[in-house]
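Summary of structural features
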Amino acid sequence: MATDTHANSTDNDDQSPSNVLDKGGAVREGEELDAHAVSDWLREQGIDIKGEPTVTQFSGGASNWTYRLQYEGTGAEQDLILRRPPKGTKAKSAHDMVREYMVQKALKDAYPYVPNMVALCTDESVIGADFYVMERMEGIIPRANLPKGIELDEAQTRALCTNVIDALIDLHQVDYSAHPDLVELGRGEGYCERQVTGWDKRYVKAKTPNVPSFALVRQWLTKHTPADSKTCLIHNDWRFDNVILDATDPTKVIGVLDWEMATLGDPLMDLGSALAYWIEADDNMIMQQSRRQPTHLKGMMTREEVVDYYLERTGLQIDNWTFYEVFGLFRLAGIVQQIYYRYYHKQTTNPAFKNFWIIVHVLHAKCLKLIAQYEGEALFTSHVQPHLADLGVDAATIAQLPSPVQKIVKSILPKSYFTQTSSSVDE
C-alpha cells in the first residue's frame, strides 16, 4: 500500500544477529541497474569506491526502486544504497529523488535517525532517471512479524513500541526553520484543510463501481476540519516497516527510511495517518490479513494508548481526536483504492491487488462507526441514518461482498445502520 525499501532475508536456522539483518535479493527482471555507469559517476563525484559492486535489490517496486551496492573492502563508502524511481514514471512529483535527498541531507544534523547522504544525480543520461546514493544502515526491519530469531517479551515489546513513537515525537520537535531546504517544503497554514480536500478529490477520481462513495465520510471530514494544531516536519508514512532496529538490541531505533512524502504539516495528521496502519490483536480478520507491522504483539500500546502517550509527551491538546482517526482511515482507503483502480482497469496484473476493494469496504465501515460514536447513537440515528441511502451507503453495497466479509462489516457498523436497510444483507 505504501513503499518498502528493504526486505528481510533471513536464515531461519541461525538466530545470530547477522542472520536477522535486513538484506536484499536478486535484481528483478526488467529492473536491472547499470552498476558500471553508476560506479563511474560516483568516482567522478570523488567517492573512493573499490572495483565493481555486487548488486542486490530490496523488495517493493510499487514505489521507488532500491538497490544495495557492495564494493570491495570495508567502510561506509563501500556499502551503499541507491534509490531511483520506477521506469516509465510520468508523475515525477510522486517519485521526486531530488526532494527526498534534500530532505534527508538537511535533516541529518538535527535528526540522528537519517542515513548519511552520499550523492545526488540529476543527469538522466547515467541510468535514465534521477537517483541518489546513501550509506547503508545495517539493522532489522520490523514488518508484519518480527524476523525469525527475534523474540521479545512483553516488556521489551512495550519498549520497542515506545521507542518508535518517541522517534516520531522527536521528528515533530525538529526546528525546521534552521534549514532553508526544509522551510521550502511548507505551504503555510491550512494543511488539514488541504489534505481533506486533496484526498477527497483523489478518492473520487479513483473510485470503482464496487466500492462505497465515502460521501458521508467526506462530508463529515469537511465539516469537522480543524485549524492546524501546529506546523512541523512530518514523515507522512510512519510505520514500523519504515524504521531500522539495532540488531543487538531490537527495541532500539537506529534509522528511519522512506522520506519521499515528508513535508511541513500538522503532527496530529501524521499521527492519525500512522494509526490507520496500527492493527491490534482483536481487530477483524480483514485488517489482520492486511497488517504490515507487528502492532498485534502483547506489550504493544493500543491506538488509544498511543494517542494518550503522544499528547502527554508533546503537550498538544485537541477537541476532536475522531477527526484525525477518521482522516487517517480515509486517507489509507484512498491509497488502497488508487492501487486497486490500476488493477481494476488492467493497468497492472499483480494478483496481490485483486481483493483490495474489500479492504476499502472495511475501512469505510470503520469510519462510519467512529463518526457514529462521535455524534452519539441517537443523533446518528435521527440525523444521519435517514440519509445513508442517498449517499450510496446501503445494504446493496454491502451485499456485493463475500458473506464472511459482510459479517465483518456488519460487526463494525453501528446497529442503527441496519434498522432501515434491506434484508439483502446476510444475517
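Look a little higher up for the structure.
A brief report on the enclosed structure follows.

Regular strands show a simple pattern: their side chains alternate between the two faces of the sheet. Counting buried positions along strand β2 (residues 65–70) yields 5 of 6 residues, so the element is predominantly enclosed. The pairing of strand β1 (residues 54–57) with β2 spans 4 bridges and is antiparallel. Bridged to Thr54 within β2 is Gln70. Pairing of β2 with strand β3 (residues 79–84) involves 6 bridges; the strand directions are antiparallel.

To continue, consider the environment of Val256. Here Val256 lies in strand β8 (residues 249–256). Take Val256: its relative accessible area is 1%, and that puts it in the buried class. When the C-alpha atoms of Val256 and Pro115 are compared, they prove to be 7.8 Å apart, with 141 residues separating the residues in sequence. Discounting residues that sit within four places of it in the chain, Val256 has contacts with Tyr111, Tyr113, Pro115, His235, Trp238, Asn242 and Val243.

This part takes up the pairing of β3. Of all 6 residues making up β3, 6 are buried, and the element is well covered by its neighbours. Burial along β3 is two-sided: Asp79, Ile81 and Arg83 and Leu80, Leu82 and Arg84, pointing in opposite directions, are all buried. Where β3 and strand β5 (residues 131–135) come together, 4 bridges link them in antiparallel fashion. Within β5, the residue paired with Leu82 across the bridge is Val133.

Attention shifts here to the nonpolar core. Counting 99 residues, the largest nonpolar core has Leu107, Tyr111, Val217, Leu221, Trp238 and Trp259 as its most contacted members. In terms of residues, this core owes the most to one element, helix α10 (residues 321–344), which gives 13 residues. Aside from chain neighbours lying at most four places away, what touches Val217 is Val326, Phe330, His364, Cys367, Leu368 and Ile371. Ranked by size, the runner-up nonpolar core spans 20 residues in total, among them Leu42, Trp65, Leu82 and Ala119.

This part covers unusual backbone geometry. Residue Asn236 is not a glycine yet carries a positive backbone phi of 75°. Along the chain, Asn236 falls in the loop between β6 (232–234) and β7 (243–246). Of the residues examined, Asn236 reaches a relative accessible area of 9% and is grouped as buried. A positive phi is found at Lys346, a non-glycine position, where the angle reads about 60°. Counting through the fold element by element, Lys346 comes out in the loop between α10 and α11 (356–375). What makes Lys346 exposed here is its relative accessible area of 71%.

The strand order across the open sheet formed by 5 strands is β1-β2-β3-β5-β4, and the pairing between neighbours is antiparallel. Two strands bound the open sheet, and with one partner strand each, they are β1 and β4 (117–121). Between one strand axis and the next, the sheet turns through 20° on average, direction left out of account.

Calculation notes
Residues numbered from 1 in each chain as written. Predicted model: local features only at pLDDT ≥ 70, side-chain atom pairs only at ≥ 80, totals over all residues. Heavy atoms only, no water. Buried < 20%, exposed > 50% of the residue type's maximum accessible area, 1.4 Å probe, protein only. Helix = DSSP H or I, 4+ residues; strand = E, 2+ residues; numbered from the N terminus. Pairing = 2+ DSSP bridges. Contact = heavy atoms within 4.5 Å. Core = buried A, V, L, I, M, F, W, Y, C linked by side-chain atoms within 4.5 Å. Axes fitted to C-alpha atoms, helices over the stretch in contact; angles between N-to-C directions.

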